[in-house]
Amino acid sequence: MKEKICVVTGANSGIGKITALELAKLGATVVMLCLDEGQGEEARSEIKTESGNESIDLMLADLSSQQSIRQFVLDYQKKYDKLHVLINNAGVNLTKRYETVDGIERVFAINTLAPFLLSNLLLNTLKKSIPARIINVASSVQTTSINFDKLQSKKYFRSWKAYSRSKTALILITYEFARRLSGSGITINCLHPGFTKTNITHNYKGIIKFFTKIIFGFAQSPEEGAVTSIYLASSPEVEGVSGKYFINKKEANSKDITYDTSVAKKLWDVCANLTKLNHINT
Ligand SMILES: NC(=O)c1ccc[n+]([C@@H]2O[C@H](COP(=O)([O-])OP(=O)(O)OC[C@H]3O[C@@H](n4cnc5c(N)ncnc54)[C@H](OP(=O)(O)O)[C@@H]3O)[C@@H](O)[C@H]2O)c1
């Protein structure tokens, strides 16, 4: 991975931190997109020491804010003219409905819209760096349908449903992106990292927190959870492979609904409208 530049979102903790570390060990320049400066700096310092790689950059952005994503892209493009691997790893699982500064339900905004917007805005930079790869960290937790009226859980919020809907939408967007990027030299794939002990449920409280802690006792380590992200980012085995879903470094099937191209096109238009990206022609 020497000479390659990789952006990893949510690189200060869990699966993202290990992904950034392992790519650093492989010699890549790693740009860590993090929300919090203190936590980001702490992780960057650990990654530099552990990997012996000095080319680890920290850039701040709040993926719940479209303005912040756009600013990140402008700042990134001032510093770097290439991007070989974009890993949309950051994600949230919330117990309550919150709206972002853009007035969008937060789980959908961070888990689906942020990877959509960031990938689209960075396309020109990726195109200058082909062969380039986009990797979306999704989940095996998927819905069997997409109800467009419920995308943002406006009437009634159920944590698990909002999370699984956002990840199903991310898989649909990944496949639609792959169709649009066909022949461009940019590949895009998604993955389920496996049930992994991380901070993903840190906002849980009370009895749910108690049971989650017990269940997470059986979960794999972040090192195991990062294996497929690292594989998709760096392995020559997946050069040219696009529009696939992986579990444990192997192609797998996602839920039937994710292969519905008319749903994917409609979802793409919804995401483009919500992020004001209509003018972008991929
Ligand atoms: N753990 C699992 O079992 C599991 C299973 C399936 C899929 N996943 C997916 O794996 C990915 C990584 O999650 P994880 O399990 O490693 O959890 P994690 O340790 O909580 O990592 C999530 C990362 O996302 C960042 N993030 C959250 N909101 C953000 C925002 N508004 N702007 C920028 N960054 C933000 C977090 O930053 P802060 O630390 O500053 O909040 C953190 O770095 C997620 O997409 C998750 O949905 C996890």
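Residues numbered from 1 in each chain as written. Predicted model: local features only at pLDDT ≥ 70, side-chain atom pairs only at ≥ 80, totals over all residues. Heavy atoms only, no water.

1. Things to note about the pattern of salt bridges
All chains considered together, the criterion is met by nine salt bridges. Linking Lys25 and Glu22 is a salt bridge whose minimum nitrogen-to-oxygen distance equals 3.2 Å. Of the two residues, Lys25 and Glu22 both sit in helix α1 (residues 14-25), three residues apart, roughly one turn of that helix. Note on Lys25: relative accessible area 43%, which makes it partly exposed. Residue Asp57 pairs with Lys79 through a salt bridge whose shortest N-O separation is 2.8 Å. Of this pair, Asp57 sits in strand β3 (residues 56-60) while Lys79 is found in helix α3 (residues 66-79), placing the two residues 22 residues apart along the sequence. Linked by salt bridges that have partners in common, Glu176, Arg179 and Arg180 make up one network. (Salt bridge = Lys/Arg side-chain N within 4 Å of Asp/Glu carboxyl O. Helix = DSSP H or I, 4+ residues; strand = E, 2+ residues; numbered from the N terminus. Buried < 20%, exposed > 50% of the residue type's maximum accessible area, 1.4 Å probe, protein only.)

2. Some remarks on the side chain of Glu105
When you line up the elements, Glu105 lands in the loop between β4 (85-88) and α4 (106-121). Buried Glu105, no salt bridge; nearest opposite-charge side chain is Arg97, N-O distance 5.9 Å. Dropping the residues within four chain positions of it, Glu105 is found in contact with Arg97, Tyr98, Gln152 and Phe157. (Lys, Arg positive; Asp, Glu negative; His and termini not counted. Contact = heavy atoms within 4.5 Å.)

3. Observations concerning the site of the ligand
Of all residues adjacent to the ligand, which total 29 residues, the nearest are Asn12, Ser13, Asn89, Tyr163 and Thr198. Between the ligand and the protein, one listed contact pairs an oxygen atom with a side-chain N or O atom of Ser13 at 2.6 Å. Look at the ligand: alone it shows 900 Å² of surface, and the protein chains cover 93% of it. For the shell around the ligand, the secondary structure elements donating two or more residues are α1 and α6 (159-181). Classifying every residue of the shell around the ligand gives 13 nonpolar, 14 polar and two charged. (Near = heavy atom within 4 Å. Polar contact = N/O pair within 3.5 Å; in protein donor to acceptor, adjacent residues only side chain to side chain. Areas by Shrake-Rupley, 256 points an atom, 1.4 Å probe, with all protein chains shown as cover. Nonpolar A, V, L, I, M, F, W, Y, C, P; charged D, E, K, R; others polar.)

4. Overview of the packing of aromatic side chains
How two aromatic rings sit relative to each other is given by the distance of their centres and the angle of their planes. A full pass over the atoms with the stated rule returns nine aromatic pairs. With a centroid separation of 6.0 Å and 25 degrees between ring planes, the pair formed by Trp160 and Tyr163 is classed as stacked. Here the residue Trp160 and the residue Tyr163 both occupy positions in helix α6, the gap between them amounting to three residues, near one helical turn. Taken together, a centroid distance of 5.1 Å and an interplanar angle of 20 degrees make the contact between Tyr175 and Tyr259 stacked. In this pair, Tyr175 sits in helix α6 while Tyr259 sits in the loop between β8 (250-252) and α10 (261-274), placing the two residues 84 residues apart along the sequence. Owing to a relative accessible area of 4%, Tyr175 belongs among the buried residues under this scheme. Grouping aromatic residues by their ring pairs yields a cluster made of Phe72, Tyr76 and Tyr80. Sitting above the plane of the Phe148 ring, Lys266 keeps its charged end 4.4 Å from the centroid. (Phe/Tyr/Trp six-rings, centres within 6.5 Å; stacked < 30°, edge-to-face > 60°. Lys NZ or Arg CZ within 6 Å of the ring centre and 35° of its normal.)

5. A closer look at the pairing of strand β2 (residues 29-34)
Burial runs high along β2: five of the six residues are buried. In this sheet, β2 lies alongside strand β1 (residues 5-9) in parallel orientation, the contact comprising five bridges. Looking at β2, one finds that Val7 is bridged to Val31. Crossover handedness for the path β1 to α1 to β2: right-handed. In the sheet, β2 pairs with β3 via five bridges, with the strands oriented parallel. Each bridged residue has a counterpart across the sheet, and for Leu33 the counterpart in β3 is Met59. With respect to chirality, the unit in which β2 leads through helix α2 (residues 37-51) into the neighbouring parallel β3 is right-handed. (Pairing = 2+ DSSP bridges. Right-handed = clockwise from strand over helix to strand, strands pointing away.)

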